Structure formats: structure tokens, C-alpha cells
Amino acid sequence: MELDLDYPTLGDLKARAKRRLPYFAWEYLDSGTGGDMAIRRSRAALDDVVLAPAVLKGRTVPDLGTTLLGRSYSRPWGVSPVGMTGLFWPGAEITLARHCVAQGLPFGLSTVAAASVEDLAPHVGDRGWFQLYPPAEPAHCDDLLARAKAAGFHTLILTVDVPGPSRRERQRRGGLRTPPSITPRLLWHSIQRPAWALAVAKAGTPTVRGLAKYASAHEPARHVGLAPHAAPDADLYHRIRKMWDGPIIAKGVLVPSDAVMLRDLGFDAVWVSNHGGRQFDGPPGSATALPLVRAAVGADYPVIYDGAIESGLDVLRAIALGADFVMLGRPWLWGVAAFGAAGVAHVTHILTEDVTSGMVQMGLTRPVEVRDRLWDKVAAGA
């Protein structure tokens, strides 16, 4: 089997991942909250972005290297943190971190991943970003930050759009509790996916290992959506800033005035995201908000984006709308669930070829140049 012929798109990897994952795991990965309208808005907003090809430019040689927050990356995209990553394939966090080190990409680890920061310490190199869901107990929050720093994570992502839990109805209908516990229903779903079941049997049932240290008999370590946690506010930011000497990114920004407030508060970058549609079903698609946020914070302030990226063309669309960097969550997990480390490498291969091809068609040598190829902008200057 040749992956590039049999699975030429991220959608092909998605289809194989769905066939290999138990129903409850797939529903957790694929779903948002409510009617999944926020997910669909993100997809529709990207589909509406039209780019202009170029003629008589010769063949350009694209350079995908990108600098963000003082660090160089080989491409303008990376691995977004995803809760319970190891649920979608045992060891997924380590597989993804190793790939990021090899390819020069940022790797994001969630507070509520199945692996802890200590698990990742031997594998993350200098590519680690840590996403903080702050525990309600300040001492636990302080300790978690110290652990992340000691493990080699240099960039902190403060999730600012989760003041409380969401309902996530598809996840509930799938029967998944967080952290997972074996029920007859989940067992039945699992045995229908023998490759996944065997891998989990060898590795053990995934849990939120990073929070296990803070568990008690009365309050076991649980998913952030269920366990008590601190609702982020300005005081929390100031306290974290005193403890963290690296860049701090505000993740989950859609409203332009909020982006300005966060910039002025001292955040080093804002991350435009509707949380994959998993927190609130009412907001716009991330790509709808992106150009408004860019206009509000100015041309030079770092803006990161995620939301419905399913191709290299989508990466270019996001950059055209104002993103400096694009993070993907679900596609990497499609890759690891489909083919393990080879599937993860194939995601980078697909994105690289697709972005390069699109840049050649538009006569571009640097990704940021795509901002001048927005169709509306080109047509207005005709």
C-alpha cells in the first residue's frame, strides 16, 4: 500500500480513522456541542475564502519556514493540544511530539491529555507548548506550571474561553465518561475495533495522568469539563505571568475588542478559535472572526488560528485572512488513528505538498504573501 495513492487527502485519513476507532472515541473526537453548528460555520467560512492564481510568474520555489514568538519552525502550522489525546490511540501524545521534534513543528499538550508533562519530557525537545486549564486550587495550578517548565515546555497557552463546562451531547450519547471507565456498552464498542482494543489492552485504559497528583478520595482527577477548575480572569493572568518566563498565548478569542484587551493586558499572542465548536454552539466560525481580530490588534501582533483546517489550501486561506500561524487538532489524530506514526508523517506530507502547490499557483515564495492574493482584494485593484 502506498499512502500517497490510497490516502491522498486528510479526508481519506479521517475515513480510515473512523473505521478503526470505537464509536464512543470517534464521537468524542468528531463532535462539538449542541447541534455542531459552530463546527459547520467554521467550515463554511473557510470555503468562502477565494484566492487568486497568478500567470507568467515562472515557477517559484516556496519557503515554508516561519518565525513565531522568537522561535523558528519549518512550516507555518503545528499540533494543537487536544484533551484525552491518548484515547484516540495509546501513546498518541508521544508519537506526535516525536514527529514535531523531527519536523521542526510546535507540539501542544493539554492539561487534560492522557499523558502528563513528565511523560513527554524525554520526547518534546524544544518544541513544547503547554495548554493550561487552571486547577481551582492555586497551589495545584502553581505546581502544574512548575512541572511543565521543568519538563521542557517553553510556551504557555492559557485557555480563556472555558469558564464552565459544555454539554457535548454527541459525546454523551456515545456513552463516554471522562476519564473513561469500562461499561458493558463501551466494552461492546471496543471489541468491534480489535486493533484499538488490543493496543489499549497493552497500554492500559487512558486517564488524565497530568492531574492524578492532585486527586483525592473525594475528588478524583477528572476532565476539565467535569472537575472544578478556575474560570480564567485578569487576576489569574497576572499571577501566571509572575511564574512563567516564556511566551503566554490567549487561546479562544473571537471578539476583536477582547483581542485588543488581551494584547494590552500583556499576552504575547492571541489564538483565534471557537474551541472546535466544543464549548458553545452560538459563535461564528473562527475564519469569520479572524480578519476582524487581525484588523483590531494591528499588523505586527502575533495571531494564531485554528478551526476546520482540512487541507493545505485551508492553511493558506487562514494565513490570507490574517493568521501568522495555524494549529490543527483533529487531523493529526486522524493520522495517528489511521496508521500510527506513518499516518502522522502523512499528514505533514499532505499539508506540505498542498501548501507548496497552492503557493506555486499563486506565484508566492513566502506563505504570508498569500494575503495579497485574496480574490476580493485582487478584484478591487483590477
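Keep in mind that what you see is a predicted model, and the values were worked out from it rather than measured.

Participant: So what exactly am I meant to see when it comes to the pairing of strand β5 (residues 128-132) here?
Facilitator: The two faces of a sheet get side chains in turn, since along a regular strand they alternate between them. Here β5 lies mainly inside the structure; five of its five residues are buried. Strand direction decides the pairing type here: strand β4 (residues 107-110) and β5, joined by four bridges, are parallel. Bridged to Phe107 within β5 is Gly128. For the handedness criterion, the β-α-β arrangement of β5, helix α8 (residues 138-150) and strand β6 (residues 155-159) is classed as right-handed.

Participant: What should I look at first to understand the layout of surface pockets in this one?
Facilitator: If you roll a probe as big as a water molecule over the atoms, it shows you where there is empty space left. Volume-wise, the largest pocket comes out at about 730 Å³. Every residue lining the largest pocket is counted, 41 residues in all, and those nearest its centre are Leu29, His275, Gly276, Arg278 and Arg330. Every element with two or more residues in the lining of the largest pocket is listed here: α3 (23-30), α4 (37-47), β10 (325-328) and α16 (330-339). The greatest single-element share of the lining of the largest pocket, amounting to five residues, is contributed by α4. Each pocket or cavity is described by its volume, and for the second largest pocket that value is around 410 Å³.

Participant: Where do I start with helix α11 (residues 194-203) in this structure?
Facilitator: Because each turn of an α-helix spans 3.6 residues, side chains separated by three or four positions in sequence point in the same direction. Inspection of α11 places Trp196, Ala199 and Val200 among the buried residues, and these make up the whole buried set. Take α11 and look down its axis: the buried residues cluster within an arc of 95°, on one side only. Opposite the buried face of α11, by more than 90 degrees, sit the exposed residues Pro194, Ala201 and Lys202. Just downstream of α11 lies Gly204, where phi reads positive at about 100°.

Participant: Sorry, what's going on with the side chain of Arg43 here?
Facilitator: Summarising the element assignment, Arg43 is placed in helix α4. Residue class for Arg43 comes out buried when judged on its relative accessible area of 17%. Excluding anything up to four places from it in sequence, Arg43 contacts Ala308, Glu310, Asp314 and Arg317.

Participant: So what exactly am I meant to see when it comes to the nonpolar core here?
Facilitator: Generally speaking, nonpolar side chains in soluble globular proteins are found buried as a group. Counting residues in each nonpolar core, the largest one holds 103 residues, and the members touching the most others are Trp77, Phe153, Tyr305 and Val326. Apart from the residues within four sequence positions on either side, Trp77 is in contact with Leu64, Leu105, Pro106, Val315, Phe325, Val326, Leu328, Trp332, Thr348, Leu351, Thr352 and Val355. Grouped together as the second largest cluster of nonpolar side chains are ten residues, Tyr73, Ile157, Trp271 and Ile304 included.

Reading the values: rules and limits
Residues numbered from 1 in each chain as written. Predicted model: local features only at pLDDT ≥ 70, side-chain atom pairs only at ≥ 80, totals over all residues. Heavy atoms only, no water. Buried < 20%, exposed > 50% of the residue type's maximum accessible area, 1.4 Å probe, protein only. Helix = DSSP H or I, 4+ residues; strand = E, 2+ residues; numbered from the N terminus. Pairing = 2+ DSSP bridges. Right-handed = clockwise from strand over helix to strand, strands pointing away. 1 Å grid on protein atoms, 1.4 Å probe; cavity = no way out; pocket = protein on both sides within 12 Å on 5 of 7 lines; lining within 4 Å. Points joined across faces, edges and corners; volume = space filled by probe spheres on them. Arc of directions from axis to C-beta. Contact = heavy atoms within 4.5 Å. Core = buried A, V, L, I, M, F, W, Y, C linked by side-chain atoms within 4.5 Å.

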